[in-house]
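Each chain is listed here by its residues.
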Number of protein chains: 2
Amino acid sequence: MSLRSEIFNQVSVIDRLLQRRMGVVQDIAAEICKRDIQFIFLAARGTSDNAGLYAKYLWGAFNQLPIALAAPSLFSIYEKPPALKNALVLGISQSGQSPDIVSVVAEGRRQGVSTMAITNDPGSPLAQEAEFVIDLDTGPEKAVAATKTYTAQLMAIAMFSVAMKGDKKRLLDLERVPVLIQQVLELDDTIERVAERYRYMQQCVVLGRGYNYSTAFEWSLKLKELAYVVAEPYSSADFQHGPMAILSHGFPVFAVVPQGAVFADMMELLSTLVRDCSVELLVVSNEGQVLELAQTPLRIPTNLPEWLSPIVCIVPAQLFSFHLTQARGFDTEKPRGLRKVTLTR
Amino acid sequence: MSLRSEIFNQVSVIDRLLQRRMGVVQDIAAEICKRDIQFIFLAARGTSDNAGLYAKYLWGAFNQLPIALAAPSLFSIYEKPPALKNALVLGISQSGQSPDIVSVVAEGRRQGVSTMAITNDPGSPLAQEAEFVIDLDTGPEKAVAATKTYTAQLMAIAMFSVAMKGDKKRLLDLERVPVLIQQVLELDDTIERVAERYRYMQQCVVLGRGYNYSTAFEWSLKLKELAYVVAEPYSSADFQHGPMAILSHGFPVFAVVPQGAVFADMMELLSTLVRDCSVELLVVSNEGQVLELAQTPLRIPTNLPEWLSPIVCIVPAQLFSFHLTQARGFDTEKPRGLRKVTLTR
């Protein structure tokens, strides 16, 4: 299956995950809720690490859980792991193979704390080490650049959040995600056309904040992996604490700005960047005010709850990365220097 | 005081911090040790956030403390802060002014948990909210790009680690840091010369791992703030999980590779990058084997303990960023678009 068909496959992958796995997720959540979990200790790399950023905001906001992102080398190279008392140790990995991620979950088990894996391979070393496993069940992901396993990871994270709270209103929201993805996939022709403009772009920044901090990271990663563009992700706040200095006239700024709590903050920053630095904007949003600022506006559906917006907003970003790669004449199926499964210590 | 003099001022700043503040840090550590702290919850932005990465590795490895990096917008914009039971909430900020960082520490206080500030202004809002304060006492930092307050933050983090363990051997190591910084400052002429080569560089990646993951981030930030180079920081492991695809013949790779536990891993990656991708290397190291791989080797002192190496390794990186900025004809004292104190929500 090609990258393109895996992108389009996301509607059914997400729907199937929700239909088949919500029961298991609810059982896991019920068991976890009985324990005195005070924080999540999360290990992941690459795309899975970007999914972890979504968990950091979502579980922080709705489940009051602080998230510590593990430094896997403390486990695998320095062999000086921290004390994990009262943690839920979570590994996220498509393949479940990378030794450094497995070593974090194994250490959690050794210390006798709760452990969980979110993976596409329930037979993997990661799944075998973990007490609880959420199987993403997306079918094999053949393309080197992850797409459907990323949205499936986000969906699993959202399902776990809802299950931990037993929240019926948000469960109904979850059921709308496949249709929302279907709607943004209809942008495909538009995105193919607008990608042309960026044929000679060498570098860009990608801005997101709050829940969509994850989207900024994942979009940047796709641009690097596939189109070989040096794309740097930032929260709108971190960007102002230094990196903003790189901007000059016409510098491309991509921004993920759905309606929600961080909208006003992002809108203010983008207006300033256009006014003071004459940057060029590509915007993914469902709010006319910010779309009007952009040379390249990509309009996504309204009535999209902010907490679920990362699962939807990444899809036009995937399509953009795919089409830009084709416009630049690179092979979307064989990114140079990469393999599907990366084993790091 | 200019950026250059603040860089050279670091020898006396670090020495004074150790001499004047170790007692206070030991008192704070003694009090913290009596409490049941299970993790650190850290809020910081920009350079201070990079110092936080050092804390993540150092306190993880030597003090067995997991570190959660806060998502300040959960406090300031979403107003849905996580539960901080058994956390030590720590704000790091040169100015102690940014409302989002202050709001995280204020929430810690509201929830009745331990709070600490590391700041250059003991009269700042951040210091006023915190139960414990480590005053960096560097004198005013006038340059927009932070240098001496960064190394002072790292030193305070190292002092706190030593104080928490009551570790006499490592206390002696701490006392050698000012001399080690003095030694790397002597690279100034060399660095001024080699910076010429990078006059037309538009982008680069900066690699570090373990303790020096922080150095990769801080070096990248200086390159962006001062020289307007799109510099991207990575751990050697994360880099292999996707971003490596951006490399092409002659792509500039900067690497921080002192002797230590992660050396072999970094050496292996850099050898591969040279062999398979023909990248161009600039290396900061005290190990001949990796310096020989590099077009631009920067040799730092041997007998540098790995756990303290970030405080020393960042200094040639600061000098490099300074000289590159001059070579490119930009103003080292007035980075465009930045102010010394950035107030983000």
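The rules we used
Residues numbered from 1 in each chain as written. Chains lettered and ligands numbered in written order. Predicted model: local features only at pLDDT ≥ 70, side-chain atom pairs only at ≥ 80, totals over all residues. Heavy atoms only, no water. Least-squares fit on C-alpha atoms with pLDDT ≥ 70 in both. Contact = heavy atoms within 4.5 Å. Buried < 20%, exposed > 50% of the residue type's maximum accessible area, 1.4 Å probe, protein only. Helix = DSSP H or I, 4+ residues; strand = E, 2+ residues; numbered from the N terminus. Pairing = 2+ DSSP bridges. Right-handed = clockwise from strand over helix to strand, strands pointing away. Axes fitted to C-alpha atoms, helices over the stretch in contact; angles between N-to-C directions. Domains from an automatic or database assignment. Buried area = accessible area lost by both parts, 1.4 Å probe. Arc of directions from axis to C-beta. Polar contact = N/O pair within 3.5 Å; in protein donor to acceptor, adjacent residues only side chain to side chain. Salt bridge = Lys/Arg side-chain N within 4 Å of Asp/Glu carboxyl O. Disulfide = S-S within 2.5 Å. Core = buried A, V, L, I, M, F, W, Y, C linked by side-chain atoms within 4.5 Å.

With that out of the way, let us pick up the relation of the copies chain A and chain B. Note on the copies: chain A fits chain B at an RMSD of 0.0 Å, the axial shift is 0.0 Å, and the rotation between them is 180 degrees. On the angle and the small slide along the axis, the relation comes out as a two-fold axis. Minimal C-alpha distance to the rotation axis in chain A is attained by A68 of chain A, lying at 1.8 Å. Interface residue correspondence from chain A to chain B reaches 100%, placing this contact among same-surface, isologous pairings.

Looking along a regular strand, one sees side chains alternate from face to face of the sheet. Residues and elements named next belong to chain B. Of all six residues in strand β4 (residues 114-119), six are buried, a share of seventy percent or more. Of the two faces of β4, both are covered, the one formed by S114, M116 and I118 as well as the one formed by T115, A117 and T119. By the bridge criterion, six bridges tie strand β3 (residues 87-93) to β4 in an arrangement that is parallel. The residue bridging L90 from the neighbouring strand is M116, located in β4. Crossover connection from β3 via helix α5 (residues 99-110) to parallel β4: handedness right-handed.

Once that is clear, we can look at the sheet that holds strand β2 (residues 67-69) of chain B. The pairing of strands in a sheet happens through backbone hydrogen bonds and is either parallel or antiparallel. All names here are of chain B. Strand order in the open sheet made by the five strands is β2-β1-β3-β4-β5, with parallel pairing throughout. Here the strands that pair on one side only, and so sit at the sheet edges, are β2 and β5 (132-135). Going from strand to strand, the sheet's axes swing by 20 degrees on average, the running direction of each strand aside.

Our next topic: the domain arrangement of chain A. All names here are of chain A. Per the domain assignment, the segments of chain A are domain 1 (3-175) and domain 2 (186-327). Spacing between the C-alpha centres of domain 1 and domain 2 amounts to 26 Å. Each side of the interface is counted separately: domain 1 has 26 residues, and domain 2 has 23 residues. Each partner contributes to the roughly 2,200 Å² buried at the junction of domain 1 and domain 2, and carbon and sulfur atoms together form 71% of this total.

Another point: helix α10 (residues 188-195) of chain B. Residues and elements named next belong to chain B. Taken together, the buried positions of α10 are occupied by D188, I191, V194 and A195. Relative to the axis of α10, the buried residues are bounded by an arc of 130 degrees and lie together on one face. Among the exposed residues of α10, those pointing more than 90 degrees away from its buried face are D189 and R193. At its buried positions, α10 is contacted by α1 (3-8), α9 (177-185), β10 (296-299) and α15 (309-327).

Turning next to the side chain of S95 of chain B. Residue and element names in this part refer to chain B. Locating S95 in the fold gives a position in the loop between β3 and α5. Within the structure, S95 has its side chain in polar contact with the backbone nitrogen of Q97 (distance 3.1 Å). Ignoring sequence-local partners within four residues, the contact set of S95 consists of T119, D121, S124 and V341.

For residues that are not glycine, phi is negative in most cases, and the peptide bond is trans in most cases. Residue and element names in this part refer to chain B. Phi at N86 takes a positive value of approximately 65 degrees, unusual for a residue other than glycine. Relative to the elements of secondary structure, N86 occurs in the loop between α4 (72-76) and β3. A positive phi angle is found at S278, which is not glycine, with a value near 50 degrees. Here S278 lies in the loop between α13 (263-277) and β9 (280-285).

Now for helix α8 (residues 168-175) of chain A. Residues and elements named next belong to chain A. Listed as buried for α8 are R170, D173 and L174. Seen end-on, α8 carries its buried residues on one side only, within an arc spanning 105 degrees. In this structure, α8 carries K168, K169 and L172 as exposed residues pointing more than 90 degrees from its buried face. Its buried side turned inward, α8 meets α2 (10-33), α3 (47-63), α7 (148-165) and α9 (177-185). For α8, the capping residue at the N-terminal end is D167, with a side-chain oxygen 3.3 Å from the backbone nitrogen of K169.

What follows is about the environment of N212 of chain B. Residues and elements named next belong to chain B. Counting through the fold element by element, N212 comes out in the loop between β6 (203-208) and α11 (213-227). You can call N212 buried: its relative accessible area is 2%. Residues N212 and I311, spaced 99 residues apart in sequence, show a C-alpha to C-alpha distance of 9.2 Å. Residues in contact with N212, not counting those within four places in the same chain, are V256, P258, S309, P310 and C313.

The next thing to look at is the interface of chain A and chain B. If you look at the interface, chain A gives 70 residues, while chain B gives 71 residues. Of the roughly 5,700 Å² buried at the junction of chain A and chain B (both faces included), carbon and sulfur atoms supply 57%. Residue D238 of chain B pairs with R45 of chain A through a salt bridge whose shortest N-O separation is 2.9 Å. Summed over the shared surface of chain A and chain B, the number is 26 residue pairs in polar contact (both at pLDDT 80 or more). Where the side of chain A that touches chain B is concerned, the elements lending two or more residues are β1 (39-43), α3, β2 (67-69), α4 (72-76), α11 (213-227), β7 (230-235) and α12 (236-240) of chain A.

A few words on the state of the cysteines. Residues and elements named next belong to chain B. Under the counting rule described, the total for this entry stands at zero disulfides over all chains. Sulfur of C313: no disulfide; nearest cysteine sulfur belongs to C204 and is 17 Å away. Overall, C313 belongs to the buried group, its relative accessible area being 0%.

Before going further, it helps to examine the nonpolar core. Ranked by size, the top nonpolar core spans 228 residues in total, and within it W219 of chain A together with W219 of chain B carry the most contacts. Excluding residues within four positions of it along the chain, W219 of chain A makes contact with V206, F254, V256, L282, V284, I314, A317, F320 and S321 of chain A. Within the second largest apolar cluster, 56 residues are counted, among which are I246 and A294 of chain A together with F251 and A294 of chain B.

On to the pairing of strand β8 (residues 252-256) of chain B, then. Residue and element names in this part refer to chain B. Most of β8 is tucked away, with five of its five residues classed as buried. Residues P252, F254 and V256 point to one face of β8 and V253 and A255 to the other, with burial holding for every one of them. Where β6 meets β8, three bridges bridge the pair, whose relative direction is parallel. Following the sheet pairing, V206 is matched in β8 by F254. Pairing of β8 with β9 involves five bridges; the strand directions are parallel. For V253, the partnering residue across the bridge sits in β9 and is L281. Handedness of the crossover joining β8 and β9 through α13 is recorded here as right-handed.

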